[in-house]
Amino acid sequence: MLIALVLLAAPASAWEFTATPVCTITHETPDLALRITFDPAQPQPYAIALTRTSPWEKTDSFGLRFEGPAALTIGTGRHELSADKMTLTVTDTGFGNVLDGLAYNAFATALAGTTEVPFDLTGARPVVEAFRACDVLPSA
């Protein structure tokens, strides 16, 4: 009974996948809400949006550092900040490295200037595999 109470008191941070209206992965921690989408109707069908409780630093580059058995660091200068600077978004025609990093590592850190936001990847792999297999077309 005590274990159940402790688990109920712990913050939920599950990785989730939905196929409609577009293929989507979501994950929330106390510091970060992550959303990855695949929408083949868009010119750059893959998008990752990372929302913080405080503004992102405006920088020339954004990166993700993955730590674990398939460690890698990826970066881009093609990121955009929302008007309130709380959400950082990257779009592209492919996300193979992002998906591999999420699926095959233990931790990731979002990097923007001096801002580093770490997040746990426990439980991400099955969700990433469902996302990769998703072939649902977006609704009109």
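Residues numbered from 1 in each chain as written. Predicted model: local features only at pLDDT ≥ 70, side-chain atom pairs only at ≥ 80, totals over all residues. Heavy atoms only, no water.

Novice: What should I look at first to understand the packing of aromatic side chains in this one?
Specialist: Taken as a whole and judged by the stated rule, the model has five aromatic pairs. Plain terms: the ring middles of W15 and F119 are 6.5 Å apart, the flat faces sit at 45 degrees to each other, and that makes the pair tilted. Of the two residues, W15 sits in strand 1 (residues 15-18) while F119 sits in strand 10 (residues 115-120), which places them 104 residues apart along the sequence. There is no split in this pair, since W15 and F119 are both buried. Residues W56 and F62 carry aromatic rings whose centres are separated by 6.1 Å and whose planes lie at 90 degrees to one another, so their mutual orientation is edge-to-face. Each member of the pair, W56 as well as F62, carries the same accessibility label: buried. The rings of F38, Y46, F95 and F131 are connected pair by pair, giving a single aromatic cluster. Directly above the aromatic system of W56 lies the positively charged group of R52, at a separation of 5.1 Å from the ring centroid. (Phe/Tyr/Trp six-rings, centres within 6.5 Å; stacked < 30°, edge-to-face > 60°. Helix = DSSP H or I, 4+ residues; strand = E, 2+ residues; numbered from the N terminus. Buried < 20%, exposed > 50% of the residue type's maximum accessible area, 1.4 Å probe, protein only. Lys NZ or Arg CZ within 6 Å of the ring centre and 35° of its normal.)

Novice: What should I look at first to understand the layout of surface pockets in this one?
Specialist: To locate leftover empty space, one rolls a probe as large as a water molecule over the atoms. Quantified by volume, the largest pocket comes out at close to 220 Å³. Lining the largest pocket we find 15 residues, and of these I74, G75, T76, V90 and V98 sit closest to its centre. Only strand 5 (62-67), strand 6 (72-76), strand 8 (87-92) and helix 2 (96-104) provide two or more residues apiece to the lining of the largest pocket. Counted by class, the lining of the largest pocket contains seven nonpolar, six polar and two charged residues. (1 Å grid on protein atoms, 1.4 Å probe; cavity = no way out; pocket = protein on both sides within 12 Å on 5 of 7 lines; lining within 4 Å. Points joined across faces, edges and corners; volume = space filled by probe spheres on them. Nonpolar A, V, L, I, M, F, W, Y, C, P; charged D, E, K, R; others polar.)

Novice: Sorry if this is basic, but what is going on with the side chain of T59 here?
Specialist: Residue position: T59 is located in the loop between strand 4 (46-52) and strand 5. A residue is classified by how much of its surface remains accessible, and T59, at 18% relative accessible area, is buried. Not counting residues within four places of it along the chain, the set of residues in contact with T59 comprises H79, A112 and G113. (Contact = heavy atoms within 4.5 Å.)

Novice: Even after reading the chapter, I still don't get the sheet that holds strand 5, so can you show me in this structure?
Specialist: Note on sheets: strands pair through backbone hydrogen bonds, and any given pair is parallel or antiparallel. Here we have four strands laid out as an open sheet, ordered 6-5-9-10, and antiparallel in their pairing. Each of the sheet's edge strands pairs with one partner strand only, and the pair in question is strand 6 and strand 10. Pairwise comparison of adjacent strand axes, ignoring direction, gives a mean angle of 15 degrees for this sheet. Where strand 5 lies against strand 9 (residues 107-112), five bridges are found, and the strand directions are antiparallel. Looking at strand 9, one finds that R65 is bridged to T109. Each of strand 5, strand 6 and strand 10 is contacted by helix 2, which is oriented at about 35 degrees to strand 5, the strand it contacts most. (Pairing = 2+ DSSP bridges. Axes fitted to C-alpha atoms, helices over the stretch in contact; angles between N-to-C directions.)

Everything listed here is a matter of geometry and, on its own, says nothing about what the molecule does.
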